[in-house]
Amino acid sequence: VQAKKDIGHHVAISGGIPIRLLKNGTKQQCIDHVKRMIQECGPGGGFMLTMDKAPLSAADVNPENLRAVTEFVEMGGN
């Protein structure tokens, strides 16, 4: 969020979803985090919602959390 405030008007920012949250958090925690990222970093454009690290195996994320976040974003992130 701070990076978007500091340099977001100059460059595109990507990130927002900690992989550890996708692995260990609840569906609702993951959705709430993504919702906050979209609300705080999305306005004005230049924000790409991604994981903070690339998963190296399927065990690195909880598939149900990833599915919930994906569906939330596809539905407009509201």
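Counting restarts for each chain: residues are numbered from 1 in the order of the written sequence. The predicted nature of this model means local features are confined to residues of pLDDT at least 70 and side-chain atom pairs, given and counted, to a pLDDT of 80 or more, with totals for whole chains, interfaces and linings taken over all residues. Hydrogens and waters are ignored; side-chain quantities use all the structure's heavy atoms.

Caption draft 1: Local environment of the side chain of Asn65. Each helix is a run of DSSP H or I of at least 4 residues and each strand a run of E of at least 2, with the numbering of both proceeding from the N terminus. The residue Asn65 is located in helix 4 (residues 63-74) in this model. A distance of 3.0 Å separates a polar side-chain atom of Asn65 from the backbone oxygen of Leu22. Between two residues, a contact is recorded if the distance between any of their heavy atoms is within 4.5 Å. Beyond its immediate stretch of four places on either side in the chain, Asn65 contacts Leu21, Leu22, Gly25, Thr26, Lys27 and Cys30. Any N or O atom pair separated by 3.5 Å or less is treated as a polar contact, with the protein-specific requirement of one donor-capable and one acceptor-capable atom, and with residues adjacent in sequence counted only for side-chain atom pairs.

Caption draft 2: Examining the pattern of salt bridges more closely. We define a salt bridge as a contact between a side-chain nitrogen of Lys or Arg and a carboxyl oxygen of Asp or Glu at a distance within 4 Å. All told, the structure shown has two salt bridges when counted by the stated rule. Where Arg36 meets Glu40, a salt bridge forms, and the shortest distance between an N and an O atom there is 3.2 Å. One end of the pair, Arg36, and the other, Glu40, are both in helix 3 (residues 27-41), four residues apart, so they sit about a helical turn from each other. Categorising residues by exposure relies on relative accessible area from a 1.4 Å probe, with only protein chains included: less than 20% of the type maximum marks a residue as buried, more than 50% marks it as exposed, and the intermediate range marks it as partly exposed. With a relative accessible area of 38%, Arg36 lands in the partly exposed category. With its nearest N and O atoms 3.6 Å apart, the salt bridge here joins Asp52 to Lys53.

Caption draft 3: How the structure looks around the nonpolar core. Working definition of a nonpolar core: buried Ala, Val, Leu, Ile, Met, Phe, Trp, Tyr and Cys residues. They are joined through side-chain atoms within 4.5 Å. Counting 11 residues, the largest nonpolar core consists of Ile17, Ile19, Leu21, Leu22, Cys30, Ile31, Val34, Val61, Ala68, Val69 and Phe72. Elements with a minimum of two residues in this core: helix 2 (19-24), helix 3 and helix 4. Filtering out sequence-adjacent residues up to four positions away, Val34 remains in contact with Ile17, Leu49, Val69, Phe72 and Val73.

In short, shape yes, function no, at least from these values alone.
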